[in-house]
Amino acid sequence: MLNFSVYKNKRIKCAGLGEVLFDVYPTGPKIGGATANFAFHCRQNGIEAAVISSVGKDALGFLSRDLLAKKFLPALLSVSDRPTGTVNVTLSDKGIPNYTFASDTAYDNINVNDEMCAMVSTLDMICFGTLAQRNQKSHKAIMRLLDMTKKDCLRVFDVNLRGDFYTKEIIEGSLQRSEIVKCNDDELPYLCSIAGIKEINPDNYFEYLKSMDIFCFIYTEGAKQSTVYLNDQKSVQNTLKVEAVDTVGAGDSFTATLVSQLMKGTDLKTAHALAVKVAAFVCTKKGAMPEIPYSMFD
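Computed from a predicted model, the values in this text were never measured in an experiment.

Chemist: What is the right way to read the side chain of Asn231 from this model?
Modeler: With respect to the helices and strands, the residue Asn231 is situated in the loop between strand S12 (225-230) and strand S13 (233-238). Engagement of the side chain of Asn231 in a polar contact is seen with the backbone oxygen of Leu2, the distance being 2.8 Å. Non-local contacts of Asn231, meaning those with residues more than four positions away in its chain, are made with Met1, Leu2, Phe206 and Phe215.

Quick look at the structure:
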């Protein structure tokens, strides 16, 4: 069972481990990357947050350091000879993104250093996904750092399937190192198939996760609703209706808000409702890291 009460009234430290990249819109680049987005929104929820990744020696690499610093996000970024990661983003009329990822980038080649090792050993929570594991070098680096976390560190696996940048082995290895798992309705069929689950639904997948001693499952269904399973609790809430400008990063803000609030001692229903509100707000802004109004957290 997962006990969040041990973190209440504690100075909580977390990190996003994986990709730092630029979402390149027709109007220009914006800093992003799922795990970096997660860390940013944890900080907005009052959690001490940092980013662990790699950037190039190029202009975008220098810009990423500057932008993360302006967002008060400490960043342990190994320097790579490969270019800083980019993804071309085109949006539908409803703000739904389509991604084209650059290959063999800096975040595909993370070099583990002593500073990263020292940081992960102090964390209370760490978030990671599949995209940065598409290259063996970063896959091994991420697995190594996850294995260095302390016993009571919550490892949040945001499945985040993109293109064909994942394998059954990557997902199974990630699940073995997770206490919390998040996926969406597009990803669930594949997860069920590799788990041998014939009837695809989130209830069945949570039963499978519990057999692996994973007792928190976050399941989102876009504009419809979201479901959170926590031990023997289940919370279902409708997605708020907004005029979506850009849904990039909405899921990251949802997960970050939900888990941050649970760690701070907020009950499941209240934490879930706030996560829904934050994600809806992010959908009304351009880019994955908009500043959330303080009033939203009151």
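Back to the write-up after that little detour.
Chemist: Is there a simple way to think about helix H7 (residues 202-211) in this case?
Modeler: Helical geometry note: an α-helix holds 3.6 residues per turn, so side chains three or four residues apart project in the same direction. The complete set of buried residues in H7 reads Pro202, Tyr205, Phe206 and Leu209. Down the axis of H7, the smallest arc covering the buried residues is 100°, so these residues share one side. Buried residues in H7 make contact with helix H5 (168-175), strand S10 (180-184), helix H6 (188-195), strand S11 (216-220) and S12. Following H7 by one or two positions, Asp213 adopts a phi angle in the positive range, close to 65°.

Chemist: Would you take a moment to explain the sheet that holds S13 for this structure?
Modeler: Think of a sheet as strands paired side by side through backbone hydrogen bonds, with each pair either parallel or antiparallel. Taking strand neighbours across the sheet as the criterion, the 9 strands line up as S5-S4-S1-S8-S9-S10-S11-S12-S13 in an open arrangement whose pairing is mixed. At either margin of the open sheet sits one strand with a lone partner, and together these are strand S5 (75-80) and S13. In this sheet, adjacent strand axes meet at a mean angle of 15° when their direction is disregarded. Strand direction decides the pairing type here: strand S9 (residues 154-158) and S10, joined by 3 bridges, are parallel. Considered in S10, the bridge of Phe157 is made with Val181. Most of the contacts of helix H2 (residues 59-70) go to S5, to which it runs at about 175°, and overall it touches strand S4 (48-56) and S5. Taken strand by strand, helix H4 (residues 136-147) contacts strand S1 (13-17), S4, strand S8 (125-128) and S9, and its axis lies near 160° from that of S8.

Parameters at a glance
- Residues numbered from 1 in each chain as written.
- Predicted model: local features only at pLDDT ≥ 70, side-chain atom pairs only at ≥ 80, totals over all residues.
- Heavy atoms only, no water.
- Helix = DSSP H or I, 4+ residues; strand = E, 2+ residues; numbered from the N terminus.
- Polar contact = N/O pair within 3.5 Å; in protein donor to acceptor, adjacent residues only side chain to side chain.
- Contact = heavy atoms within 4.5 Å.
- Buried < 20%, exposed > 50% of the residue type's maximum accessible area, 1.4 Å probe, protein only.
- Arc of directions from axis to C-beta.
- Pairing = 2+ DSSP bridges.
- Axes fitted to C-alpha atoms, helices over the stretch in contact; angles between N-to-C directions.

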